[in-house]
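A look at the structure
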Amino acid sequence: PTESLTVFLQQLGRGLRHAPGKDCLTVLDLVGQQHRKYRIDRKFAALLPRQRLRLDEEAVADFPHLPSGCSIQLERVAREHVIRHIRLTLTNLKEMVVESLTSQAGRLERPPTFQEFIATTDVDPVVMLRRNSWSGWKATAGLCPPPTGPEKDVLSKAAQRLCLRDGPTLLQDASDLLTHVAAESRAPYLPKSEARGMMLHYLLLNAKSEDPKAASFDDLRVLVKRNPALQTDLREIVTWGRERSDIPVTSLSVPFDCPLDLHASYSNNEIKAALGLANFTTAGSTGVGVYHSRDLKAYIHLVTLIKSEQDFSPTTRYHDYLLNRTRLHWESQAQTSQASPAGQNYIHFTQRGYTILFFVRLNKRVEGATSPFIFMGPASDLLKYEGDRPIAMTWELAHAVPADFYEQAKMAG
């Protein structure tokens, strides 16, 4: 047994050596009685899509979402042992996190940063922060005082959302705000644009401002400043997010200012804020998958590819799926006919000067948290349409869907 990737590859490499008459290699992974702290979950998680179901559910279902052509076959007793071990790991998260924090702090002679901790332990940050804030975990391990502040619970939820964001522009704006707060400047915080500031507002609060103290952009600075422990949490999570983000800044061909990064992840409210459909007093429409911006002459589509029965009714379980990396099959809302104003706008979107935007995600939830949508950019052409109420359409996207997302979508069926 080894935790060393180098040693493992050396072992595997010996079996992979060519020899006359040898056409395949069979690798037997013998699952024994591991120590209770052994992270067998990390081995299986490394083979699965990032936007996956719960790991124990994957194991129970014999890992249906593996890469194409791959399978995991576990002997019955080993399968029971693996599932029990994974569930024990999920149950004993508190013990594992506290032990890891104490161990790292002793080695570093200081508390680890969020980035150092995640890199070393491979704990799912969303799962961890749903149980406690980052500063709360460190306090539990005796590494710092318990977090205080009037909005610590609000900002703890913001930290969870921040873990699922990877857009360089949004992360830069969050970093700018935190830097402004840390500088103890008396100057008010001013975002780069109203839309970018409003996106940051919904990232941190995820709601319209019912409290008058959070009804301006500078109120974000005041809110964060009142909560020093969570301010530090957010700063460390932003640093981790910017380091792991691989989203390039891409110029979009749309006829209006768009602060969204192509292929970056956003919540429903952040999307509406970016496109002028949400502000301090209203979060805009909710519970719909299509927004019509008459000011921008744009249709904004929020598409969930895997529609579970508990989250979608039979009338909203539309047949939406990727045909390839640039083609999306999408069904309109149930009441839309080809002759309706919306249907005509879709069919003649180029002539009428309409922009068709798509935001896509695999599942509604990931590890218990609401999944963000990935911005796929504008459609360049309507290749096919048929039927009424709903209209089945095939769209050509101006930008190819990321290869890893497409592979995950194929695996999900």
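What comes next is a walk through the structure. This one's a predicted model, so the numbers in the text were calculated from it and none came from an experiment. (Residues numbered from 1 in each chain as written. Predicted model: local features only at pLDDT ≥ 70, side-chain atom pairs only at ≥ 80, totals over all residues. Heavy atoms only, no water.)

Here the focus is the side chain of Ser 267. Tracing the sequence through the fold places Ser 267 in the loop between strand S1 (265-266) and helix H14 (268-274). Taking the relative accessible area as the measure of exposure, Ser 267 reaches 12% and is therefore buried. (Helix = DSSP H or I, 4+ residues; strand = E, 2+ residues; numbered from the N terminus. Buried < 20%, exposed > 50% of the residue type's maximum accessible area, 1.4 Å probe, protein only.)

As a further point, take the nonpolar core. One broad trend across soluble globular proteins is that nonpolar side chains are buried collectively. By size, the foremost hydrophobic cluster in this structure holds 70 residues, and its most contacted members are Phe 114, Met 128, Ile 300 and Phe 359. The element that contributes the greatest number of residues to this core is helix H11 (residues 194-205), accounting for 7 residues. Setting aside residues no more than four positions away along its own chain, Phe 359 makes contact with Leu 260, Ile 271, Ile 300, His 301, Leu 302, Val 303, Phe 373, Ile 374 and Phe 375. (Core = buried A, V, L, I, M, F, W, Y, C linked by side-chain atoms within 4.5 Å. Contact = heavy atoms within 4.5 Å.)

For H11, spanning 12 residues, the distance from its first C-alpha to its last is 16 Å, which sits close to the expected 16 Å at 1.5 Å a residue. Most of H11 sits inside the fold, with 9 of its 12 residues counted as buried. All of the buried residues in H11 are Gly 197, Met 198, Met 199, Leu 200, His 201, Tyr 202, Leu 203, Leu 204 and Leu 205. For H11, the secondary structure elements touched by its buried residues are helix H9 (152-162), helix H10 (168-182), helix H12 (217-225), helix H13 (228-244), S1 and H14. A positive phi of about 60° marks Asn 206, the residue just after H11. (Expected span 1.5 Å × (residues − 1).)

Before going further, it helps to spend a moment on the pairing of strand S10 (residues 392-397). By the criterion of burial, S10 is predominantly enclosed, with 6 of the 6 residues buried. Of the two faces of S10, the one carrying Ala 392, Thr 394 and Glu 396 and the one carrying Met 393, Trp 395 and Leu 397 are both buried. Strand direction decides the pairing type here: strand S5 (residues 327-331) and S10, joined by 5 bridges, are antiparallel. For His 329, the partnering residue across the bridge sits in S10 and is Thr 394. Here strand S9 (residues 373-386) runs beside S10; their pairing, made up of 6 bridges, is antiparallel. Bridge pairing links Glu 386 to Ala 392 in S10. Between S9 and S10, which pair antiparallel in sequence order, lie 5 residues; one of them, Gly 387, sits at a positive phi of approximately 85°. (Pairing = 2+ DSSP bridges.)

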